Amino acid sequence: MSTFSIEEVRKDIDGTNEEHRFSAWLTLYSASEPEAIAEVEEIITGNDPIKKILFSRFLGNIHEEKADYYLSLLLCDDNIDVFKEARKAFDKNPNPNKLDLLYPLIEHPKRHVQFFAIESLSTHHKYNILDRLIPLLREADDELKVVILRAFEKMPSPTVIQYTWRLLNSSNEEIRFRALLVFYALSEINALPTQKIFLDMLNDLSPRVRQTALWSIRNNPPKSYLKFIYDLLHKDSDPIIRKLCVRLLSHYKTVKTVDHLFKVAVNEKTIIVRLKAESTLSSMPYSLLRKSFSKYLNHKDEKIRHKAILLLAAQRKRDLEHFNYMLSNIPKNLDIKDSVIFIEALGIIGHINGIPILEKYLYDNSPLLSYTAATALTKIYDIDNVPNVINILKNDKINNQIKQAIFIFLKRKSNPDYYSEGLIATILPYLHHENQIIRYISAECFFNVSNEEIIPQLFKALIAENHHSNKEILEDVIISILRNHPGSYGQYFQDNTSNKESIHNLLYILKKDILDQESRSVELFQLLSQPNNLLETPYKENAVNLVFSLISKYRLTFSDLFQNISDQPSIESLIISLSEKLKQQPDTEIHFPIKTIEQWFESENKNFIESLIYMLSLSKQKEVVQLLSRKLCQLESHKTPIAKSLGAILGRTYD
């Protein structure tokens with residue numbers, strides 16, 4: 001006996017329970033009863049788009065031929081939203097046989113249905129639809145032609161050639177573009193010789209079509225194209241086409257080609273084309289470049305001469321033969337502009353033999369030549385040339401601009417091994433230089449140094465420095481070195497207890513470091529546990545602020561703190577000062593070590609004990625309540641503050 005109930009199914013489909021709705025759809029889809037079949041037919045052919053969309057979503061999860069059949073019917077619905085949902089569900093189904101349902105839709109009167117069928121079948125390379133698309137193409141409007149040409153592109157076949165050929169002359173740019181892509185696809189499978197087609201299309205009015213024609217021959221351009229490419233390169237208004245022409249010329253390794261590329265490198269206004277020409281020249285054989293460029297190295301036109309020198313200089317780095325060739329071909333009687341280019345060329349070549357020539361220019365009266373020489377030298381210097389750098393920095397006759405160039409070079413040398421003792425000793429005095437920029441960039445060099453022995457000199461420079469940005473960089477340098485040497489904070493403090501300025505700066509740097517790295521709290525403990533009177537100095541506030549930062553930012557427990565500094569003779573001063581800070585932050589919650597607090601209650605310092613009692617009022621520990629209750633009975637002189645502290649704890653705990 002059948003249990004199918006159409007009323008129940010309808011009720012669940014219209015309900016809000018997703019699980020019941022899916023079960024209802026599944027029941028309706030699976031049922032063979034006449035009323036179920038009629039209900040499905042009514043949904044598909046009816047006027048309720050919501051039910052059609054819901055049914056489509058359900059069918060997308062049912063990977064069966066029956067579901068595909070229903071979806072193919074929903075694809076033809078008048079409502080575009082129903083079509084879109086049915087298309088998603090149809091694409092979701094992995095069944096390959098579903099495509100057979102799309103063949104009847106190739107000539108469907110609804111344009112979006114027809115386009116979907118053609119695109120889906122061509123994407124899956126169903127070549128048997130070509131015989132049906134070709135007749136359609138003859139009578140198609142421009143929109144349908146584009147869709148059919150896209151199908152031809154996905155399924156290149158000689159059978160479409162004669163029908164596509166005539167479309168290359170269409171007045172519609174999109175159609176010409178798509179037709180050309182079809183011929184490109186045909187050329188990829190060697191279906192026919194298409195080179196002449198691409199050459200003809202290089203005359204097209206559309207830049208997009210010309211770009212496609214050039215791109216189609218990018219890997220193997222015929223020799224017959226060379227003249228046409230030359231013309232396009234120098235005349236075409238589209239920069240992408242000119243760039244593609246430059247790329248194509250890399251296949252023609254001749255003197256004439258190099259000449260054309262060089263003209264582009266000199267005269268081209270668009271930077272992407274000019275850079276492409278320069279990189280393409282670099283790919284040419286060195287012997288060919290020398291042969292071609294020899295006539296330009298002494299050219300009367302300054303622009304041509306300078307470009308030739310720089311481009312040829314870059315061809316062989318650190319090559320002695322190339323260095324000697326360039327040296328022998330540089331123009332004689334150089335004026336200042338030629339000298340600048342000559343200096344740049346030596347730096348680009350980068351051969352060590354260029355160092356003595358360039359170093360002579362460091363003493364030139366022209367700031368431009370001397371600075372250019374300095375930057376060129378930094379391109380040649382390496383780890384073997386540290387003495388050269390030292391000599392330049394030690395020479396008082398060399399101006400500040402040159403030394404700035406050297407420091408900029410040095411700060412990029414991140415290998416600590418580069419910084420010998422001699423180089424470090426040479427740089428350190430510049431931290432006190434009269435020029436603020438030199439002080440700054442010389443300090444930056446020490447980010448590459450991990451030698452903690454220079455810390456005292458960095459502190460001296462910090463104390464003497466009056467420029468804000470320079471002080472910042474020195475502080476950061478000191479922190480970077482101290483981080484590599486655990487314990488350095490405490491050791492440096494111990495060595496400088498008599499230097500108030502050093503203590504002040506050290507505490508400030510430590511605070512800056514702590515707020516950046518929680519792990520540096522150990523350095524603070526080392527400082528506070530030194531056998532000195534730090535907490536009685538004018539810098540006590542800094543130390544208290546450091547402790548407070550650790551407590552408030554990192555929730556440092558007092559157990560950790562007291563364990564490290566409990567033997568500090570001036571700990572009472574720290575507690576009193578810290579309690580003043582805590583009064584301003586009533587929400588701060590801290591944890592107290594009971595055993596340590598018990599010992600401290602034995603102190604004879606009344607102020608210290610009362611400050612301790614106040615801090616205990618910030619606790620929520622039961623042990624603290626018990627301890628204070630005992631002390632209330634034991635310490636008659638402290639009854640009032642203890643009672644207040646207990647009241648504060650209990651009031652906060654039981655609110």
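How each quantity is defined
- For every chain, the first residue of the written sequence is number 1, and numbering continues from 1 onward in sequence order.
- Local features are withheld for residues below a pLDDT of 70 in this predicted model, meaning they are given only at 70 or higher, and side-chain atom pairs are given and counted only at 80 or more; totals for whole chains, interfaces and linings count all residues.
- Side-chain numbers come from the whole structure's heavy atoms, not from hydrogens or water.
- The helix count covers DSSP runs of H or I at least four residues long, the strand count covers runs of E at least two residues long, and both are numbered beginning at the N terminus.
- A simple rule labels every residue: compare its accessible area, found with a 1.4 Å probe on the protein chains alone, to the largest value its type can have, and call it buried under 20%, exposed over 50%, or partly exposed in between.
- We call two residues in contact whenever any of their non-hydrogen atoms come within 4.5 Å of each other.
- Reported accessibility uses the Shrake-Rupley method at a 1.4 Å probe radius. Residues are deemed covered only where the shown protein chains occlude them.
- Site definitions follow a grid-based scheme: protein atoms alone, a 1 Å grid, a 1.4 Å probe that fits but cannot get out for cavities, and for pockets an open set with protein on both sides within 12 Å along at least five of seven lines, plus lining residues having an atom within 4 Å of a point.
- Grid points are joined across faces, edges and corners, and a volume is the space filled by probe spheres set on the points.
- Gly counts as polar in this scheme, as do all residues outside two lists: the nonpolar Ala, Val, Leu, Ile, Met, Phe, Trp, Tyr, Cys and Pro, and the charged Asp, Glu, Lys and Arg.
- Should a side-chain nitrogen of Lys or Arg be within 4 Å of a carboxyl oxygen of Asp or Glu, the pair is scored as a salt bridge.
- Two distance rules govern patches: like charges are joined within 9 Å, and nonpolar side chains (Val, Leu, Ile, Met, Phe, Trp, Tyr) within 5 Å, applied only to residues with over 30% relative accessible area and no salt bridge.
- Geometry is summarised by axes, namely lines fitted to C-alpha atoms with helices restricted to the contacting stretch, and by angles between N-to-C directions that run from 0 to 180 degrees.
- Angles below 35 degrees are treated as roughly parallel, those above 145 as roughly antiparallel, those between 65 and 115 as roughly perpendicular, and all remaining angles as oblique.
- By the definition used in this description, the sense in which the near helix is turned from the far one sets the handedness, with an anticlockwise turn below a right angle giving left-handed and a clockwise turn giving right-handed.
- Pairs of N or O atoms within 3.5 Å make up the polar contacts considered here, provided that, within protein, one atom can donate a hydrogen while the other can accept it, and that residues adjacent in sequence are counted only when both atoms are side-chain atoms.
- When two rings of Phe, Tyr or Trp (its six-membered ring) have centres within 6.5 Å they constitute a pair, described as stacked for plane angles under 30 degrees, edge-to-face for angles over 60, and tilted for the intermediate range.
- For this analysis, a nonpolar core means a set of buried residues of the types Ala, Val, Leu, Ile, Met, Phe, Trp, Tyr and Cys, connected via side-chain atoms within 4.5 Å.
- Values of pLDDT, which run from 0 to 100, indicate the predictor's confidence residue by residue.

Q: What's the story with the overall build of the protein chain in this structure? I'm lost.
A: Helix and strand content of the protein chain: 39 helices and zero strands. Taken across its 655 residues, the protein chain has 51% of its residues classed as buried. Across the protein chain, the fraction of contacts at a sequence separation of at least 24, relative to all contacts at a separation of at least 6, is 65%. For the protein chain, the computed accessible surface area is about 32500 Å², with 50% contributed by carbon and sulfur atoms.

Q: Would you mind showing me how to read empty space enclosed by the protein here?
A: Where empty space is left can be seen by rolling a probe of water-molecule size over the atoms. Per the stated rule, a full pass over the model turns up one cavity of 30 Å³ or more. Surrounding the largest cavity, Val 9, Arg 10, Ile 13, Leu 28, Glu 39, Ile 43 and Lys 51 form its lining. Elements supplying a minimum of two residues to the lining of the largest cavity: helix 1 (6-13) and helix 3 (34-45). At three residues, the largest contribution of residues to the lining of the largest cavity is made by helix 1. The residue inventory of the lining of the largest cavity, partitioned by class, reads four nonpolar, no polar and three charged.

Q: Help me understand unusual backbone geometry, please; the structure alone is not making it clear to me.
A: Among all residues save glycine, negative phi is the norm, and among peptide bonds the norm is trans. We note that His 125 has phi near 55 degrees; this positive angle belongs to a residue other than glycine. Its identity as a non-glycine residue notwithstanding, Arg 318 has a phi of 60 degrees, on the positive side. The class of Arg 318 is partly exposed, set by a relative accessible area of 45%.

Q: Sorry, what's going on with the pattern of salt bridges here?
A: If the charged atoms of two oppositely charged side chains come close together, the side chains can form a pair. Inspection of the entire model under this criterion finds 28 salt bridges. For Arg 208, the salt bridge goes to Glu 174, with nearest N and O atoms at 2.5 Å. Here Arg 208, found in helix 13 (residues 207-216), pairs with Glu 174, found in helix 11 (residues 173-188); they are 34 residues apart in sequence, far enough to count as distant. On the basis of relative accessibility, which here comes to 30%, the residue Arg 208 falls in the partly exposed class. Using a relative accessible area of 24% as the deciding quantity, one classes Glu 174 as partly exposed. Arg 176 is the partner of Asp 204 in a salt bridge, and the nearest nitrogen-oxygen pair spans 2.8 Å.

Q: What's the story with a nonpolar patch on the surface in this structure? I'm lost.
A: There is a patch of nonpolar side chains on the surface, built from Ile 271, Ile 272 and Leu 275 and spanning about 270 Å² of accessible area. Following the sequence through the fold, Leu 275 ends up in helix 17 (residues 271-282).

Q: Honestly, the packing of helix 25 (residues 400-411) against helix 27 (residues 436-445) in this entry has me stumped. Any pointers?
A: How two helices pack is summed up by the angle between their axes together with the distance between the axes. Across the interface, helix 25 lies against helix 27 with an axial gap of 8 Å and an inter-helix angle of 20 degrees. Our classification of the angle between helix 25 and helix 27 gives roughly parallel. Every pair of crossing elements has a handedness; the one defined by helix 25 and helix 27 is left-handed. Here Asn 400, Lys 403, Gln 404, Phe 407, Ile 408, Leu 410 and Lys 411 of helix 25 come into contact with helix 27, specifically with Ile 437, Ile 438, Ile 441, Ser 442, Glu 444 and Cys 445. Residues of the contact of helix 25 with helix 27, tallied by class, amount to seven nonpolar, three polar and three charged.

Q: Would you mind showing me how to read the environment of Asp 338 here?
A: Its location among the elements puts Asp 338 in helix 21 (residues 336-349). Asp 338 gets classed as buried once you look at its relative accessible area, which sits at 9%. A C-alpha to C-alpha distance of 7.3 Å links Asp 338 and His 306, two positions 32 residues apart in sequence. Residues in contact with Asp 338, not counting those within four places in the same chain, are Arg 305 and His 306. Of note is the side chain of Asp 338, whose polar atom sits 3.1 Å from the side chain of Arg 305.

Q: How should helix 4 (residues 49-59) be read in this particular structure?
A: Inspection of helix 4 places Lys 51, Lys 52, Ile 53, Phe 55, Ser 56, Phe 58 and Leu 59 among the buried residues, and these make up the whole buried set. Looking at the buried residues of helix 4, the elements they touch are helix 2 (18-30), helix 3, helix 5 (65-74) and helix 6 (80-92). At the N-terminal end of helix 4, a side-chain oxygen is found 3.1 Å from the backbone nitrogen of Ile 50, two or three residues along, and the residue is Asp 48.

Q: Would you explain the packing of aromatic side chains in this entry?
A: In this description, a pair of aromatic rings is defined by centroid distance and the angle of the planes. Scanning the entire structure with this criterion turns up 18 aromatic pairs. Consider the rings of Phe 83 and Phe 116, whose centres lie 6.1 Å apart with planes at 85 degrees: the pair is edge-to-face. With Phe 83 in helix 6 and Phe 116 in helix 7 (residues 111-123), this residue pair connects regions lying 33 residues apart in the sequence. Neither Phe 83 nor Phe 116 differs from the other in exposure class; each is buried. Residues Phe 293 and Tyr 296 carry aromatic rings whose centres are separated by 6.1 Å and whose planes lie at 80 degrees to one another, so their mutual orientation is edge-to-face.

Q: Is there a simple way to think about the side chain of His 306 in this case?
A: With respect to the helices, strands and loops of the structure, His 306 is situated in helix 19 (residues 302-313). Every residue in contact with His 306, bar those within four places of it in the chain, is listed here: Lys 337, Asp 338 and Ile 341.

Q: Looking at this structure, how should I read the nonpolar core?
A: Soluble globular proteins tend to bury their nonpolar side chains together. Core analysis: the biggest nonpolar cluster contains 171 residues, and Leu 28, Phe 55, Phe 152, Phe 293, Leu 410 and Phe 446 have the highest contact counts within it. When residues of this core are assigned to their parent elements, the largest contribution, nine residues, is made by helix 11. Apart from residues no more than four positions distant in its own chain, Phe 152 is found in contact with Leu 130, Leu 133, Ile 134, Leu 137, Val 160, Thr 164 and Val 182. Trp 600, Ile 609, Leu 612 and Leu 646 belong to the second-largest nonpolar core, a separate cluster that totals 17 residues.

Q: Mind showing me how you'd approach the confidence of the model for the protein chain here?
A: If pLDDT is low for a region, its predicted coordinates should not be looked at in detail. Taken as a whole, the protein chain shows an average pLDDT of 84; of its residues, 82% reach a score of 70 or greater. Per-residue pLDDT stays below 50 along residues 529-535; that stretch engages in 27 contacts with residues further than four places along the chain or on separate chains.

Q: Any chance you could explain the environment of Lys 360 here in plain terms?
A: In this structure, Lys 360 sits in helix 22 (residues 354-361). Between the alpha carbons of Lys 360 and Ser 370 there is a distance of 8.7 Å; along the sequence they are ten residues apart.

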